[in-house]
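# Notes for the structure review
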Amino acid sequence: MADRITDIWGTRTPFAGGDEWPTRVDFALQAGLTEDDIDHWVQSACVLCSNGCGCDIAVKDGLMVGIRGRSADRINKGRLGPKGLFASWQGVAHKDRLIRPLIREGGHLVETDWDTAMSRVVARSKELLASKGPLSHGFYTSGQLFLEEYYALAVIGKAGIGTPHMDGNTRLCTATAASALKETFGADGQPGAYEDIDACDAIFLYGHNMPETQTVLWSRILDRLAGPTPPKLVCVDPRNTEAARYATVHLAVRPGTNLALMHALIREVLKNGWHDPQYVTDHAIGFDELQEAVQEWTPEAAAEICGVKADDIREAAWIFGTSSTVLSTVLQGFYQSSQATASSCQVNNLHLLRGMLGRPGAGLLQMNGQPTAQNNRECGADGDLPGFRNWGNQGHIEELASLWNVDPGVIPHWAPPTHAMQIFRYAEQGSIDFLWVSATNPAVSMPELPRIRKILSKPDLFLVVQDLYLTETAQLADVVLPAAAWGEKTGTFTNASRVVHLSDKTVEPPGDARADLDIFLDYSRRMEFSTLDGRPLLTWDGPESAFEAWKDCSRGRPCDYTGLSYAKLRGGSGIPWPCNEENPDGVTRLYTDGNFPSAPDYCESYGHDLLTGAAVEPESYRAQKPDGRAWLKTAPYHPPHEEPDDDYPFRYTTGRTAFHFHTRTKTARSRTLNDAAPRMWVEISVEDAQDLGISEGDIVRVSSRRGVIEAPARVSGVRPGTIFAPFHYGYWDASGGGNAGVGMEGDRTNSDGQQHTTAANELTITEWDPVSKQPIFKNAAVRVEKIGSGNGPAPAPTTTASRPAGPQS
């Protein structure tokens, strides 16, 4: 196998459009072992990006010692990316693992037993419910738990406590994916499939750095590009990513201008008659309004706003408008930017205008960034209702109340659910006094970190953190609960293309660590949550019974799981939902008949005004008779609220690298991955570096109105006027690793021997999209100054979008 650090995407297996992607089995074993040494292999799927690659875990002497891709799996055909190869079992088998609960005594976290820790959690929870009611409780979870765990948490929060204050870090990641799908089609659920790569004539990547966020999916595209019938590739990204290097057209837009670009593309498709009028008439609403809204956006007008060439916009529109099949994928460059939902909906609009849905190669993926983000949305542990039900539909509330045998009034539906940014605001104001954080690290991942640290450190906020390691957030907790990791528990999860995988328990968790499901069930039991007939609210005895309960909840909904079972998911490939009696093998692509889940009594949402976020009233929605038709929606373009000026002349944007996941909780504990990207850096263009007298590796200070970071400069292919920073780097390992941590002001020793503040979100703004409520990490104004000379290159990868610019690239 190739060196998967220098050759991230591995050996090519070229294939032609319409053919099946060839298999290539990747594996990694503990040093000194061969496959003959393995005692047995256990079925799983990788949880280190949203791709959901099928895999098997190698076991020897009761320990996880390796991983290999499953050749039979439809998602990866045996391939694994660097994170899966080098941080799967390695990222959880570390001396730093939390193995016993911790409680805060005298200002310090000390070890205790489970009964003491849970008694403290339950006592505070009961006290607040009695004195202040359910609105005193907030839950903030992840995109990395299993389906069964999300469903348990959703039932506890919505039927046990009755709080609307539930969300996940999916709000930071792909809330806009869900919103864009609801606004256009009436319900969540990706229309396309990864298999569309195999058949398409063109691929559009909108703000999606696929080569680094989904390395195996990019391998699939590389194999098509290397084959005899390569698709055209269009990339929208301000950086010179690997995708941009292969692109037929690279639109390096200014951050925050996506909607202007999308309006121009739609205008060109309409002006040239490349749309399908009959499909639009039969299957969509809002054509006249959309046509009028984009009329002013000539390629020249958009080029001036976006900072790209008008002819490149025309060429991109021509490729979309004339290719027989197009696959579009969308990710953080749109989701975390200004007017996120409006911009993402325009991708949906392009596909509707051309009838480019429901057939091989004609695919649309409003992509996820996390392995189980889809399950969080399906099960309702975030701001959604379980089973893609509608908060505004009383019938849907009563369905859940009947399923759970609780009073409908307990389920909070009197107002929109509370999104993550508002949850932290309520904690700041003092109305939320109890916050339970599971499997995520907001002290590094949330915007405007100085504010977030202050909130999490409030003496009157009771903070429970459930995680694998003592993260920056866990260091601030009142109670820390040690959780089991991947391979140490059983459960299912669903990837970005609706494919459900089963991950079987391989080994026991270390020490006293427990599966997240067991922790939630224990809390529910201790809290004595009950149904109308006095029985316990949750009676499940493990993950499989929880899965069976979820199947009942999903019945008849878009995400129907009733045809799935643990037995059916074992032994072969993952299976996409809906999977039911009508579709026993699942459904690869949605909307093959042009019928959308928009009927008023069935839809997940009545929609919103894309400019203001104002909700559409049910009566207004019904009056437009959408039954089975999709919505062509947009909003006027507005520039980001914080634009460069004389004091802060650069646009600041954050992103990811191929070698780390989120806040590096697991990947930084893999020596292989950490060596590939060990420390923070910031990227600046060649032109801007020359103007400021900055050379490769120099230490620079990047300042916004909210904070400062200091790190070595990488002179890269980012567009002029833009500063890029990877968001992964926090402070837990600043003192040399382990759980030592540092003060939460966040000093970190850099290559010049000095202490520096390095978390990218020190600079980002507290602002969010009006519809999806997703924070805006891609638009802020900053200034840059050199504060020291470097003693070598920046510690940034040289084989990704962060490669040095110039001759050495």
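Structure report, in brief.

Conventions adopted
Residues numbered from 1 in each chain as written. Predicted model: local features only at pLDDT ≥ 70, side-chain atom pairs only at ≥ 80, totals over all residues. Heavy atoms only, no water. Salt bridge = Lys/Arg side-chain N within 4 Å of Asp/Glu carboxyl O. Helix = DSSP H or I, 4+ residues; strand = E, 2+ residues; numbered from the N terminus. Buried < 20%, exposed > 50% of the residue type's maximum accessible area, 1.4 Å probe, protein only. 1 Å grid on protein atoms, 1.4 Å probe; cavity = no way out; pocket = protein on both sides within 12 Å on 5 of 7 lines; lining within 4 Å. Points joined across faces, edges and corners; volume = space filled by probe spheres on them. Nonpolar A, V, L, I, M, F, W, Y, C, P; charged D, E, K, R; others polar. Pairing = 2+ DSSP bridges. Axes fitted to C-alpha atoms, helices over the stretch in contact; angles between N-to-C directions. Disulfide = S-S within 2.5 Å.

### Thoughts on the pattern of salt bridges
Taken as a whole, this structure holds 54 salt bridges when the rule is applied. Put simply, R97 and E488 hold a salt bridge, and the shortest N to O gap is 2.9 Å. Placement of the pair is R97 in the loop between α1 (82-87) and β5 (102-105) and E488 in the loop between β17 (479-482) and β18 (491-494), with a sequence separation of 391 residues. Considered together, R97 and E488 belong to a single accessibility category, that of buried residues. Connected through salt bridges with shared partners, the residues D115, R514, D522, R525 and R526 form a single ionic network.

### Focus on empty space enclosed by the protein
For the coordinates displayed, the defined rule picks out seven cavities of 30 Å³ or more. Looking at the largest cavity, its volume works out to about 530 Å³. Around the largest cavity sit 37 residues that line it, and Q144, A439, F661, H662 and K666 are the ones nearest its centre. Among the secondary structure elements, those contributing two or more residues to the lining of the largest cavity are α4 (170-173) and β16 (462-467). For the lining of the largest cavity, the residue count by class is 17 nonpolar, 15 polar and five charged. Every residue lining the second largest cavity is counted, 21 residues in all, and those nearest its centre are G207, D237, G333, T654 and K778. Sorting the residues of the lining of the second largest cavity by element identifies α14 (332-335) and β22 (650-655) as the ones contributing at least two each. In terms of residue count, the dominant contributor to the lining of the second largest cavity is β22 (three residues). The class makeup of the residues in the lining of the second largest cavity is six nonpolar, eleven polar and four charged.

### Digging into the sheet that holds strand β7 (residues 137-141)
The sheet built from seven strands is open, its strands ordered β6-β5-β17-β16-β15-β7-β8 with mixed pairing. With partners counted over all chains shown, the strands left at the sheet margins are β6 (108-111) and β8 (166-168), one partner each. The mean angle between the axes of side-by-side strands here comes to 20°, regardless of whether they run parallel or antiparallel. Relative to β8, β7 runs parallel, the two being bridged by three bridges. The residue of β8 that forms the bridge with Y140 is D167.

### Re the state of the cysteines
Enumeration over the complete set of coordinates arrives at zero disulfides. Note on C379: no disulfide assigned, nearest cysteine sulfur contributed by C553 at a separation of 7.7 Å. Given the relative accessible area of 0%, C553 is considered buried.

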